[in-house]
Amino acid sequence: MASSSKPKRIYDVFLSFRGTDLRNNFLSHLYKSLEQNGICTFVDSEELRKGDHISLVLMKAIEQSSFAIIVFSNDYASSRWCLEEVAKIMECKEQKDLTVLPVFYKVDPREVRRGRESYGRALAKHESKFGKDSEKVKRWKKALFNVGSLSGWHLNDGDESKLIQKIVKEISNHLDRKPLHVAKHPVGIDSQVVKLKSMLNLESDDGILMAGLWGLGGTGKTSLAKALYNAIFRQFEGSCFLANVRETSKGSMGLVNLQEILLKNILLLKKKLQVSNVDEGINIIQHRLGCKKVLLILDDVDDLRQLNALAGEGKWFGNESRIIITTRDKQLLTCHGINQDHVYEVEALDDNQAHELLCKHAFQMPQIKTDLVDSALNYCKGLPLALEVLGSLLCGTTEDIWESTLMKLSRIPNKTINNVLKMSYNGLDENEKEIFLHIACFFKGREREYTNKVLNSCDLQTAVGFEILIKRSLIRIESEILEMHDLIQLMGMDIVKQECRDDPGRRTRLWLYDDVVDVLSRDMGDCAVKAIVLELPEPTDMDIGPNAFTKMRRLRLLIMHNVHNSLKDPLCLSHELRWFEWPGCAPSVPEFSSGRNKLVGLDVSKSSIKVVLKQFKDFPNMKYINLSECETLDSIPDLLCTPNLEELNLKNCKNLVNAHESIAYHDNLQVLTLKGCSELSVFPNELKSRNLRALNLANCTKLGRFPDIPQKLGLKKLALRGTAIKELPTSIENLVSLEKMDVGDCKNLISLPSSIYKLQNIKKLSLPRCTKLIGFPKYEDSADPHMKTGLPKLLYLDLQECNLSEVEFLENLSCFPLLDHLILSGNKITSLPTSINKRDSLTRLAVSDCHQLREIPELPPFLDFLSALNCESLQKIGKFTSTHDFVRRAFTMDHIFSCDQVRFSLSLSLSHACIHMEYVRAVVCVCILQNQKMQDLRLKKSKQI
């Protein structure tokens, strides 16, 4: 939303009064004193008080004033003009931040506030004229009450000249605190100020509140803080906007200088107090400001020491004080004890606001083609700084200049924008700088988990690094994907390019095709490159000699996608390399230099290799191996030489026959994927890998046996879909942590062991299309007296298209009490157990294509989906409960049509009282093929008519 226009302040003071005597004495002296002190003052005159309505000139004067002084005299309320002025003044106090200062001239404030004495008599006369219930009079009374409650001056028989001096001094002090310049075009700021004022709870008179504005550099934190300051600073006894704290605090006396400025501004001193050191400054701040209601804004803070020196604790200041900090580092606010409810994230402008701001700075933009404007907006991504700089840069230029400028900026960032953004980078430690540059150059848009593995392998502390970068607004994580503002990314890339503009071999990171070719094609001697990530959109041939990488002694990270090496010689790699990822790289695995290799991650998927690295004996640090889709690979070597191995991916290795026995008892192996290894027939007889959490054997079509599990394991996910197994071992019960098991499409599976009920943590069990499975085991056969509940956490059970003829296992309600989804479609069952209506957790039930199903009993109370399509034998649906009255009411003759198959689809809302949910969409699909009965029903209906 655009910034709303604020009234231009023309007058410093608006004077409201009543009576000629007052005008010729106190009022004239006050006016003269104000004018002599350079305070521009508006005094209304009798000429402006004509007619029944307040003059537009007076109203405008009130709106265009910074202060209103109301002199309440004995006969003030007798004038409806004065009362209209008071009402307008109090309205502007609320809406326009007008500061109101009452003077009670020989009148008790209680008379004004409560309508007593002369004020009571005057109001009574107004009521007799306009009516006791007149909205006009009520408005006047409310305004008098509110203004009578304000702090002001009370004069009875005292020295008028002294009072005038006090008033002039108060106004002068207030006017010395000038509002701040916010921005040339403050787009989108006013709406945020409203939110911040609410967050600051300015109406509360209880305690001191500290708040923070946090966000990326260039998002307008400072402009927003200035606008907030302007909106509220007159509500405080003293105020200070301390700008550029980060820069000003540098040097031995930097913090001391800031303390001196803070004290001078809040105390309105003519010159600074002399402060010797930070500790002395802290004591002076506490002593001089401890009883003063202050507004303090500390702008661009980047170090906890700055906060400790300037606003260490709220109790340094008087009650009702507000301390506001702007920073790029959210952690700083947390460390200073600021409640997260009082931290406001300043975000980029939305599309409409961005377009408006660009328009205001590039005012000839309507002549520019829409696609160029869109390109400019896309470049800025809502960053106010970028919109201002780019708009000013393009102002008054032609379309070809726009096009050329945007092309240039896509390669070389604007210095003004870049320098602001770079401040966040400069404040990082070395670990975070390295992580940031890796993300900017390589990993924006990649999965957090994957990037974490890669960067950890390069000896970086990624967990803490991500956290710090997020709190510095340099990255964000959305749905586990690393994201970064485009201008931040350009800034990071530019930092790397600045390492050496002319020679990519002297840079730490390479990601452009031409740079990589340049470096690999020549003998460079000592090379600075730490990481190469080249991901091309299309397969591309490149001539890479066997020794191209050996000279890169600092190379830690090598990722190449869609790069085909035209030379067939094996590549030689440094033993310092930590991550090697090159799908389809060569017919053979690269060779590494002799000695202890430091490789952590290896990905040579889609390659035509027949054997892998010789037993991995020189790779003790290896954690991640991806050999997926290496269709010529026929065996796996002994993995015990890689004691730290955590993940092994052999997906779709079509010729892999033998899985080495070391797989089965590797202590650190966590993820093992053999999905799609269609020739795999040899697998260890026992599984003992105690840290294994995911095992995928799906579509290993020749695997006829699942191993025994002789001890308790931590496996959480097991996929056996499409294998040739005939049964699961009884020892499956030792998978005590198992949460998901998929055994679908196992055409040879005949039975399940009753020990399956001992899987206390399983949530999802899928067995669809196991066509030889004639029964599900009964809970009673598990024979464990210590087990009170079978499958207590199971939510999802899929038995679709098995060969079940009965479902007696559902009768026992002590089995899977939390079952939510039950799929029995395509089986030979004839009925469902009557106890199914007691399964309170069941919300979805599917029995479609159960051609022999004759009866559906009473439905579970919270069922919201029942699918019973193509159940030709279905004759009866059990009694509906009161909860299902909506189904029964809709199940009437009016819904029956002359067709062989009838389908009822109901979509209704249930009240909270019915099923303890605010809203449920209920869909009931019932199919009946009973032609004769349908005809009988139609005949009966026709007779009734």
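Residues numbered from 1 in each chain as written. Predicted model: local features only at pLDDT ≥ 70, side-chain atom pairs only at ≥ 80, totals over all residues. Heavy atoms only, no water.

Visitor: Help me out: how do you make sense of the side chain of Asp494 in this one?
Guide: Checked against the element boundaries, Asp494 lands in helix α23 (residues 486-497). Once you skip the residues sitting within four places of it in the chain, Asp494 turns out to touch Pro413, Asn418 and Arg501. (Helix = DSSP H or I, 4+ residues; strand = E, 2+ residues; numbered from the N terminus. Contact = heavy atoms within 4.5 Å.)

Visitor: Looking at this model, I keep getting lost on the nonpolar core. Mind explaining?
Guide: In summary, soluble globular proteins display a tendency toward joint burial of nonpolar side chains. Judged by nonpolar contacts, the single largest core of 113 residues is most densely connected at Phe549, Leu674 and Met741. Taken together, the elements giving at least two residues each to this core come down to α24 (513-520), β14 (531-542), β15 (557-565) and β31 (865-868). A per-element tally of this core places β14 first, with four residues. If we ignore the near neighbours within four places in the chain, the residues touching Leu674 are Ile636, Leu650, Leu656, Leu680, Phe683, Asn696, Leu697, Ala698 and Cys700. By size, the runner-up hydrophobic cluster in this structure holds 62 residues, among which are Leu358, Cys441, Val454 and Ile488. (Core = buried A, V, L, I, M, F, W, Y, C linked by side-chain atoms within 4.5 Å. Buried < 20%, exposed > 50% of the residue type's maximum accessible area, 1.4 Å probe, protein only.)

Visitor: Help me out: how do you make sense of helix α3 (residues 80-95) in this one?
Guide: Side chains that are three or four residues apart share a direction in an α-helix, a result of its 3.6 residues per turn. Its 16 residues give α3 an end-to-end C-alpha distance of 22 Å, which sits within 8% of 22 Å, the value for a rise of 1.5 Å per residue. For α3, the set of buried residues is Trp81, Cys82, Leu83, Glu84, Glu85, Val86, Ala87, Lys88, Ile89, Met90 and Cys92. Tucked into the core, α3 has its buried residues touching β1 (11-16), α2 (56-63), β3 (65-72), β4 (99-105), α5 (117-130) and α6 (135-148). The N-capping residue of α3, defined by a side-chain oxygen 3.2 Å from the backbone nitrogen of Trp81, is Ser79. Where α3 ends, the next residue or the one after it, Asp97, has phi of about 60°, a positive value. (Expected span 1.5 Å × (residues − 1). Polar contact = N/O pair within 3.5 Å; in protein donor to acceptor, adjacent residues only side chain to side chain.)

Visitor: Just checking my understanding: could you explain the confidence of the model for the protein for this structure?
Guide: As a general rule, the predicted coordinates of low-pLDDT regions are not to be interpreted in detail. For the protein, per-residue confidence averages 84 on the pLDDT scale, and 88% of positions sit at 70 or higher. This stretch, residues 882-945, has a pLDDT under 50; its non-local contacts, to residues over four places away or in other chains, come to 101 contacts. (pLDDT = per-residue confidence, 0-100.)

Visitor: Mind showing me how you'd approach the layout of surface pockets here?
Guide: Unoccupied space between atoms shows up once a probe the size of one water molecule is rolled over them. Reported here for the second largest pocket is a volume of approximately 700 Å³. Forming the boundary of the second largest pocket are 36 residues, of which Gly218, Gly220, Lys221, Thr222 and Ser223 lie nearest the centre. Those elements that provide at least two residues to the lining of the second largest pocket are α9 (221-232), α10 (245-248), β8 (294-301), α15 (351-361), α17 (384-394) and α19 (415-426). For the lining of the second largest pocket, the leading source of residues is α9, giving five residues. (1 Å grid on protein atoms, 1.4 Å probe; cavity = no way out; pocket = protein on both sides within 12 Å on 5 of 7 lines; lining within 4 Å. Points joined across faces, edges and corners; volume = space filled by probe spheres on them.)

Visitor: In this structure, what is going on with the packing of helix α11 (residues 254-267) against helix α12 (residues 278-289)? I would like to understand it.
Guide: In a packed pair of helices, the relevant descriptors are the angle between the two axes and the axis-to-axis distance. Following both chains from N to C, one finds α11 and α12 inclined at 15°, their axes separated by 9 Å at the closest point. With respect to their mutual orientation, α11 and α12 come out roughly parallel. With respect to the hand of their crossing, α11 and α12 are arranged in left-handed fashion. Between α11 and α12, the residues in contact are Leu255, Val256, Gln259, Leu262, Leu263, Ile266 and Leu267 and Val278, Gly281, Ile282, Ile284, Ile285, Arg288 and Leu289, respectively. Residue classes in the contact of α11 with α12 are distributed as eleven nonpolar, two polar and one charged. (Axes fitted to C-alpha atoms, helices over the stretch in contact; angles between N-to-C directions. Parallel < 35°, antiparallel > 145°, perpendicular 65-115°, else oblique. Left-handed = near helix turned anticlockwise from the far one by under 90°. Nonpolar A, V, L, I, M, F, W, Y, C, P; charged D, E, K, R; others polar.)

Visitor: Can you help me understand the sheet that holds strand β9 (residues 322-327) in this one?
Guide: Think of a sheet as strands paired side by side through backbone hydrogen bonds, with each pair either parallel or antiparallel. On the basis of which strands lie adjacent, the open sheet formed by five strands has the order β7-β8-β9-β6-β10 and parallel pairing. Looking along the sheet, the strands with just one partner apiece sit at the ends: β7 (238-242) and β10 (343-345). Recorded for the sheet is a direction-independent mean angle of 15° between the axes of neighbouring strands. Against the sheet, α11 engages β7 and β8, with an angle of about 145° to β7. (Pairing = 2+ DSSP bridges.)

Visitor: What is the right way to read unusual backbone geometry from this model?
Guide: Across the chain, the bulk of peptide bonds are trans and the bulk of non-glycine residues have phi less than zero. Although it is not a glycine, Asn244 sits at a positive phi angle of roughly 50°. Positionally, Asn244 belongs in the loop between β7 and α10.

Visitor: What exactly am I supposed to notice about the side chain of Ser65 here?
Guide: Tracing the backbone shows Ser65 in strand β3. Side-chain polar atoms of Ser65 contact the backbone oxygen of Ala61, separated by 2.6 Å. Ignoring anything within four residues of it in the chain, the contact list for Ser65 reads Arg9, Tyr11, Val13, Phe14 and Leu98.

Visitor: Sorry, what's going on with the sheet that holds β3 here?
Guide: Strand order in the open sheet formed by five strands is β2-β1-β3-β4-β5, with parallel pairing between adjacent strands. Looking at strand neighbours, the two that pair on one side only are β2 (41-43) and β5 (153-155), the edges of this open sheet. The mean inter-strand angle of the sheet, taken between neighbouring strand axes irrespective of direction, is 20°. Relative to β3, β1 runs parallel, the two sharing five bridges. Residue pairing in the sheet places Leu15 in a bridge with Ile69 of β3. Running at roughly 90° to β4, α6 makes contact with β3 and β4 of the sheet.

Visitor: Honestly, α19 in this entry has me stumped. Any pointers?
Guide: The end-to-end C-alpha separation of α19 is 15 Å, in line with the 16 Å expected for twelve residues at 1.5 Å each. Buried within α19 are the following residues: Ile417, Asn418, Leu421, Ser424 and Tyr425. One face of α19 carries all of its buried residues, which in axial projection span an arc of 105°. In this structure, the buried side of α19 is in contact with α17, α20 (430-443) and α23. Measuring from the backbone nitrogen of Thr416 back to the side-chain oxygen at the start of α19 gives 2.9 Å, which picks out Asn414 as the cap. (Arc of directions from axis to C-beta.)

Visitor: Is there a simple way to explain the environment of Glu111 in this structure?
Guide: Its place among the elements puts Glu111 in helix α4 (residues 109-114). Along the chain, Glu111 and Asn74 lie 37 residues apart, while their C-alpha atoms are 9.6 Å from each other. Not counting residues within four places of it along the chain, the set of residues in contact with Glu111 comprises Arg116, Glu117, Ser118 and Tyr119.

Visitor: Explain the packing of aromatic side chains here, please?
Guide: Working definition: an aromatic ring pair is given by the centre-to-centre distance plus the angle between the planes. Evaluation of the coordinates by the stated rule reveals 21 aromatic pairs. When the ring of Tyr757 is compared with that of Tyr779, the centres are 5.5 Å apart and the planes differ by 70°; the resulting orientation is edge-to-face. With Tyr757 in the loop between β25 (740-742) and β26 (764-766) and Tyr779 in the loop between β26 and β27 (796-798), the pair connects residues that are 22 residues apart, well separated along the chain. In this pair, the class of Tyr757 matches that of Tyr779, namely buried. Taken together, the ring pairs in this structure connect Phe442, Phe443, Tyr450, Trp579 and Tyr624 into an aromatic cluster. Sitting above the plane of the Phe236 ring, Lys293 keeps its charged end 5.2 Å from the centroid. Sitting over the face of the ring of Tyr425, Lys433 holds its NZ or CZ atom 5.3 Å from the ring centroid. (Phe/Tyr/Trp six-rings, centres within 6.5 Å; stacked < 30°, edge-to-face > 60°. Lys NZ or Arg CZ within 6 Å of the ring centre and 35° of its normal.)

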